[in-house]
Amino acid sequence: MVPGGGIAAHEIIESRDELVRYLEAGCKPYTDWRIGTEHEQFPYYTAGHHPVPYDGLAGIGSLLEELCSTFGWHPIRENGAIIALRDPDNDKRGTITLEPGGQFELSGVPLRTLHETHAELTAHMHESAVIGEALGIGFLDAGFSPKWTLAETPRMPKGRYAIMSGYMPKVGTRGLDMMYRTCTVQANFDFSSEADMVKKVRVGLALQPVMTALFANSPFTEGRPNGYLSLRSEVWRDTDPARTGMLPFTFEDGMGFERYTDYVLDVPMYFVHRDGEYIDASGASFRDFMDGRLPQMPGERPTMEDWADHLTTIFPEVRLKRYLEMRGADSGPLDKRCAVPAVWTGLFYDSAALEAAWALVRDWTAEERQTLRDTVPRQALKTPFRGGTLGDVARDVVAIARDGLRARGLTDPACENETRYLEPLETIAASGVTSAEILLERYHGEWGGNVDTIFEAHG
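Residues numbered from 1 in each chain as written. Predicted model: local features only at pLDDT ≥ 70, side-chain atom pairs only at ≥ 80, totals over all residues. Heavy atoms only, no water.

A word on the nonpolar core. Of all hydrophobic cores here, the largest spans 125 residues; its most connected members are Leu214, Tyr260, Trp307, Trp344 and Leu347. Per element, the largest residue contribution to this core is 11 residues, and it comes from helix 6 (residues 194-214). Setting aside residues up to four positions removed in sequence, Trp344 forms contacts with Ala187, Phe189, Val203, Gly204, Leu207, Gln208, Met211, Met326 and Tyr349. Met164, Leu176, Met179 and Tyr270 belong to the second-largest nonpolar core, a separate cluster that totals 17 residues. (Core = buried A, V, L, I, M, F, W, Y, C linked by side-chain atoms within 4.5 Å. Buried < 20%, exposed > 50% of the residue type's maximum accessible area, 1.4 Å probe, protein only. Helix = DSSP H or I, 4+ residues; strand = E, 2+ residues; numbered from the N terminus. Contact = heavy atoms within 4.5 Å.)

This is the structure in structure tokens:
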């Protein structure tokens, strides 16, 4: 056991209660609350705008090696191949990881202020640009790959992705697109208690379509308009219903750590990680694993590390681990990447703002929430809602977030507060015009129908 009565990662799980306590251990006092940001980009060759494979003198593997030698990152390997980087200096820079199609992701450090988040993202972009330029690699900020077919998209040498790739087509039609051709910005937040967690989950789920609309940035597929403003969001609607979606049960009486644990126990597994190898357990039950009845590993029972791994394979619009992950935004340029954690920080980390946000969504029905989720990929802020549009709601949400950030009163050395990171969203909310709509206008106008221009104009 570990201090406080918890269970160590390598110890066998004895009961469901231990799984519940694992989640409950995420509760933190307000003074320990932090902001975590994860963002993804598409690497591409600046000459020709082709995708970057893993192998080769100017491949993803070389990019990772050069980041190690030039900027002091430490490699993490799987079967000899570098598949991630970590900061050897007490994790001050987070980790750099690879998504299945080579999407380059910074999983940032939990930070106290949005000013620190901006500095972290800026430093990462600088390091990536320095190494990328030497290798002829650029980085595109978009929610969905605008040019390459699925067949053209490379695959990274990670065992868990091979298992997921085999399973995805069995449970939906867009799972491989999700894995290989989407990019997101995710923001992570703490909670103080079970009640605080529940309120943030409910507000987060209800408002996720608003965020999808505000950050819509994926209108192209294979060189042409695809009919959506956020195709990334649409792809998630047909990926795997057992592990995605709006989680209507979270709005029911009795929602808490136990109820979420039961939900996760019923989500089919992907794999078990043992001795550096991934064992294909796709479709199996974690409940059976708890009883030692996993067909692939008869008699063996899970550890808390297995539970932590399984939690990472759940993909709802808001995901609970020992913190909350907001998962509804397309990837975008630096100012919008900072705006993702900014809007949620304003809503979640000031009590008056959280209450105002909850008052805004409290009476929305499950049908209304789902209709918003289903409609917003095509219509974004123009999605009809209660006699108006989602754009009307978005303006209220951004205003509440601004009040929350102002109340935090955290300034940078230039005495600017955190509200400045909301400015891109305030512009979008006021105009009702998303990044995706601006891109489409340029495509039909100055770009002359050539989507390749996006790499220079938007990368």
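What follows deals with the packing of helix 12 (residues 351-361) against helix 14 (residues 390-408). Where helix 12 meets helix 14, the closest approach of the two axes is 9 Å, and the angle between their N-to-C directions is 165°. On the basis of their axis angle, the class for helix 12 and helix 14 is roughly antiparallel. For helix 12 against helix 14, the interelement crossing comes out right-handed. On the side of helix 12, the interface is formed by Ala353, Ala356, Ala357 and Leu360, while helix 14 contributes Val393, Asp396, Val397, Ile400 and Gly404. Broken down by class, the residue content of the contact of helix 12 with helix 14 amounts to seven nonpolar, one polar and one charged. (Axes fitted to C-alpha atoms, helices over the stretch in contact; angles between N-to-C directions. Parallel < 35°, antiparallel > 145°, perpendicular 65-115°, else oblique. Left-handed = near helix turned anticlockwise from the far one by under 90°. Nonpolar A, V, L, I, M, F, W, Y, C, P; charged D, E, K, R; others polar.)

Attention now goes to the state of the cysteines. Inspection of the entire model under this criterion finds zero disulfides. Cysteine Cys183 remains unbridged, with the sulfur of Cys338 as its closest cysteine sulfur at 17 Å. The exposure class assigned to Cys183 is buried, which follows from its relative accessible area of 1%. (Disulfide = S-S within 2.5 Å.)

A separate point is unusual backbone geometry. A positive phi angle, near 50°, is found at Asn79, a position not held by glycine. Positionally, Asn79 belongs in the loop between strand 2 (74-78) and strand 3 (81-86). For Asn79, a relative accessible area of 63% gives the class exposed. Although it is not a glycine, Arg386 adopts a positive phi angle of roughly 50°. Topologically, Arg386 is positioned in the loop between strand 16 (384-385) and strand 17 (388-389).

Going through the model one piece at a time under the given rule, you end up with 21 aromatic pairs. On the basis of an interplanar angle of 85° and a centroid distance of 6.3 Å, the ring pair of Phe42 and Trp148 is categorised as edge-to-face. Taken together, the residues span a long stretch of sequence, with Phe42 in strand 1 (residues 35-45) and Trp148 in the loop between strand 6 (137-140) and helix 4 (159-167) at a distance of 106 residues. A residue is classified by how much of its surface remains accessible, and Phe42, at 3% relative accessible area, is buried. Through a chain of ring-to-ring contacts, three or more aromatic side chains come together here, namely Tyr30, Trp33, Phe189, Trp344, Phe348 and Tyr349. Over the ring of Trp73 we find Arg93, and its NZ or CZ is 4.2 Å from the ring centre. Sitting over the face of the ring of Tyr22, Arg322 holds its NZ or CZ atom 3.9 Å from the ring centroid. (Phe/Tyr/Trp six-rings, centres within 6.5 Å; stacked < 30°, edge-to-face > 60°. Lys NZ or Arg CZ within 6 Å of the ring centre and 35° of its normal.)

Once that is clear, we can look at the packing of helix 2 (residues 60-71) against helix 3 (residues 114-135). For any two helices packed against each other, one specifies the inter-axial angle together with the distance between the axes. Between helix 2 and helix 3, the shortest axis-to-axis distance is 10 Å and the interhelical angle comes to 125°. Judged on the interaxial angle alone, helix 3 and helix 2 are oblique. For the element pair helix 2 and helix 3, the recorded crossing hand is right-handed. Counted together, Ser62, Leu63, Glu66, Leu67, Thr70 and Phe71 of helix 2 and Glu127, Ser128, Val130, Ile131, Gly132 and Leu135 of helix 3 form the full contact between these two elements. By residue class, the composition of the contact of helix 2 with helix 3 is six nonpolar, four polar and two charged.

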